[in-house]
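# Coordinate analysis (summary)
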Amino acid sequence: MLKTSWCPILLWLGLAVRAWTAPVHPMVPMFHRWDYEKSGERIARVAESGARRVSFTVLLLSELEPGFKVRHYGATWPRTRTDGTVEYVFQPMTVEMRREIGASLRTAFGEAVKRGLEINVLPMIDATGAITEWRNFFDFDPTVKLDGFSYETALLEVVVEALEAAVPAGHPVEMTLEGEMGCSLFTHPDAWRGILERLRARGKLTKLRLGLSANYENVAGKVVPDAAQQSGMRRLIAAGDFVGISCYAKVSAPPVAADFTACVDQFCKEFAEAGCPIPLEKPLRFTELGHGGGGFDQDWKITVPAPMVERMGNAAFFGTDKAELNPWTTPDRMAFRRRFYQAALEFLATQPSRWQVENAYLWSFGSWDLHGISAPAFADPEIAAAIRAHNVASRMAEKR
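An account of the accompanying structure is given in this report. (Residues numbered from 1 in each chain as written. Predicted model: local features only at pLDDT ≥ 70, side-chain atom pairs only at ≥ 80, totals over all residues. Heavy atoms only, no water.)

## Describing empty space enclosed by the protein
As a reminder, the rule being used: Lining residues are defined by having an atom within 4 Å of a point belonging to a cavity or pocket. Those points lie on a 1 Å grid over the protein atoms alone, cavities being sets where a 1.4 Å probe fits but cannot get out and pockets being open sets with protein on both sides within 12 Å along at least five of seven lines. Grid points are joined across faces, edges and corners, and a volume is the space filled by probe spheres set on the points. Numbering of helices and strands runs from the N terminus, with a helix taken as a DSSP run of H or I at least four residues long and a strand as a DSSP run of E at least two residues long. Ten residue types, Ala, Val, Leu, Ile, Met, Phe, Trp, Tyr, Cys and Pro, are classed as nonpolar, four, Asp, Glu, Lys and Arg, as charged, and the remainder, Gly among them, as polar.
Here the structure, examined in full by the defined rule, presents 1 cavity of 30 Å³ or more. In terms of lining, the largest cavity is formed by V24, P26, S49, G50, A51, H371, I387, R388 and N391. If one sorts the elements of the lining of the largest cavity by residue count, helix α10 (residues 381–399) sits on top with 3 residues. Looking at side-chain class alone, the lining of the largest cavity contains 4 nonpolar, 4 polar and 1 charged residues.

## Some remarks on the side chain of D259
Quick note on the threshold: In the analysis that follows, any N or O atom pair within 3.5 Å is treated as a polar contact, provided that within protein one partner can donate a hydrogen and the other can accept it, and provided that, for residues neighboring in sequence, both atoms belong to side chains. Contacts are assigned to residue pairs with any non-hydrogen atoms lying within 4.5 Å of each other.
On the secondary structure map, D259 appears in helix α8 (residues 257–273). For D259, the side chain forms a polar contact with the main-chain nitrogen of V256, separated by 2.9 Å. When residues no more than four places from it in sequence are discounted, the contact partners of D259 are A249, K250, V251 and S252.

## Comments concerning the layout of surface pockets
Here the largest pocket is characterised by a volume of approximately 890 Å³. Forming the walls of the largest pocket are 31 residues, and the residues nearest its centre are D126, F317, W363, F365 and W368. Listed by contribution, the elements that provide at least two residues to the lining of the largest pocket are α2 (33–48), β3 (53–65) and β7 (118–128). Among the elements that take part in the lining of the largest pocket, α2 stands out by supplying 4 residues, more than any other. In the lining of the largest pocket, the residues fall into 14 nonpolar, 7 polar and 10 charged. Put simply, the second largest pocket is a space of about 410 Å³. Taken together, 21 residues line the second largest pocket, and the ones lying closest to its centre are P23, R53, E118, N359 and E398. Going through the elements one at a time, β1 (24–25), β8 (173–176), β14 (357–362) and α10 are the ones with two or more residues in the lining of the second largest pocket. At 5 residues, α10 tops the list of elements feeding residues into the lining of the second largest pocket. A class-by-class count of the residues in the lining of the second largest pocket yields 5 nonpolar, 5 polar and 11 charged.

## Here we look at unusual backbone geometry
Our working rule: Only protein chains enter the accessibility calculation, which uses a 1.4 Å probe; a residue is then buried when its area is under 20% of its type maximum, exposed when over 50%, and partly exposed in between.
Along the chain, A253 connects to P254 via a cis peptide bond; the corresponding omega equals 5°. Cis peptide bonds are those with omega within 30 degrees of zero, and the linkage from V304 to P305 qualifies with 0°. Its place among the elements puts P305 in the loop between β13 (302–303) and α9 (331–350). Here K222, not a glycine, exhibits a phi torsion of approximately 75°, which is positive. Structurally, K222 can be placed in the loop between β9 (208–215) and α7 (227–239). Taking relative accessible area as the criterion, K222 reaches 64% and is therefore assigned exposed. In this structure, W300 takes a positive phi of about 60° despite not being glycine. By secondary structure assignment, the location of W300 is in the loop between β12 (295–296) and β13.

## Section: the state of the cysteines
The cut-off we apply is this: The disulfide criterion used throughout: a pair of cysteine sulfur atoms within 2.5 Å.
Per the stated rule, a full pass over the model turns up 0 disulfides. A disulfide-free cysteine, C247 has its sulfur positioned 4.0 Å from the sulfur of C263, the nearest such atom. For C247, a relative accessible area of 0% translates into the label buried.

## Examining the packing of aromatic side chains
Worth spelling out the cut-off: Pairs were defined over the aromatic rings of Phe, Tyr and Trp, the Trp ring being its six-membered one, requiring ring centres within 6.5 Å. Orientation was assigned from the angle between planes: stacked under 30 degrees, edge-to-face over 60, tilted for the rest. Lysine and arginine charges are scored as sitting over a ring when NZ or CZ, respectively, is within 6 Å of the ring centre and within 35 degrees of the ring normal.
Enumeration over the complete set of coordinates arrives at 17 aromatic pairs. By the ring-pair criterion, three or more aromatic residues cluster together here, those being F260, F286, F340, Y341 and F347. The lysine or arginine in question, R33, covers the ring of W77, its NZ or CZ lying 5.0 Å from the ring centre. Seen from the ring of F137, K222 lies directly overhead, with NZ or CZ sitting 4.5 Å from the centre.

## Observations concerning the environment of I131
You can see I131 is positioned in the loop between β7 and α4 (151–166). What makes I131 partly exposed here is its relative accessible area of 26%. Remark: the alpha-carbon pair of I131 and E63, spanning 68 residues in sequence, is separated by 7.2 Å. Excluding anything up to four places from it in sequence, I131 contacts L64, E65, P66 and F68.

## Notes on the packing of α4 against helix α6 (residues 189–202)
Using the following cut-off: All axes here are fitted lines through C-alpha atoms, helices being fitted over the stretch that makes contact, and every angle between N-to-C directions spans 0 to 180 degrees. To sort the angles, those under 35 degrees are grouped as roughly parallel, those over 145 as roughly antiparallel, those from 65 to 115 as roughly perpendicular, and the leftovers as oblique. Crossing handedness is read from the near helix: turned anticlockwise from the far helix by less than a right angle, it gives a left-handed crossing, and turned clockwise, a right-handed one.
At a minimum axis distance of 11 Å, the contact between α4 and α6 shows a crossing angle of 20°. The pairing of α4 with α6 is recorded here as roughly parallel in orientation. In this structure, α4 crosses over α6, and the sense of that crossing is right-handed. Across the interface between the two elements, Y151, E152, L156, V160, E161 and E164 from α4 touch W192, I195, R198, L199 and R202 from α6. Classifying every residue of the contact of α4 with α6 gives 6 nonpolar, no polar and 5 charged.

Take a look at the structure:
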């Protein structure tokens, strides 16, 4: 096995931590019905990793209209053919589908509680069908009903209802309203703030923290907010308990902690340039963190596995869920991966940015899944051990 020394990390984890060392938590994907069925075994792996918290990414799908307008909400769901066989196809949301999703979430959240895990939830939507685009550019008001359901009623209320049914009132829970939906956030900030206030007013979860999240770059999803939208975004940021970053930082070769400082600074600079700066006292989150093993080739075409290690730095967001394309099989790419997480851990332990990052949630899916939570073929025990040591140091620092 390739050896990368983590001894320097362990030394500064124990001796050079600031007042807050942000812990790092694995994620359990709740993308499709088959993920719901596997959630119990995946939550068990999270607990075995030594983590104290688990993040759930809860996904719905939408077909898009021209202009990337959301048509409706739904999921890949079983449908019986005329010959009696079952196929999985996208279907718009129904009352029964909503009930079944809620029941699956209750089971998963309840299992997390049994395992002694605190809970984070990251809800989001993806595109399906003829028109495809990244969710950051989806144009929708989260409160407007489309075919009977809004984003609020089809997803956020389902999540919170399941939490209230499965989680003790005083159990720590964090939840972002969305992930990487800058166009919608900056176009409809007052609608998002109304949702946040309604969820908070329910009052059944006494340790519920709510926030918003954006991508590490292009935070506004190409929207140039007008004065009213800027004012609305400032109110939304103020109302939330935190601001999250999908942190696929552009890094050096090899990666260094300063790359993550630059990522946070650029993220916050984009908010400021959009007319809605994030106050220094507002805590941040890494709502997604990881490197998928992609990179650019000699012609700057992105591919996975990365053909050139020196060009992996700008492609952390690119990876695969196909084991036959596993990028983590060569010594040079494995070493890069370990340096990437070493740099991230150093950043989270020393907190060099002007903004404090309080928690970091891994993207535990496919080739980003260093713990093997949902994809064991992509695991790296060395990085997992370093994260475990980092989290122990975090708890020690918290007690000081």
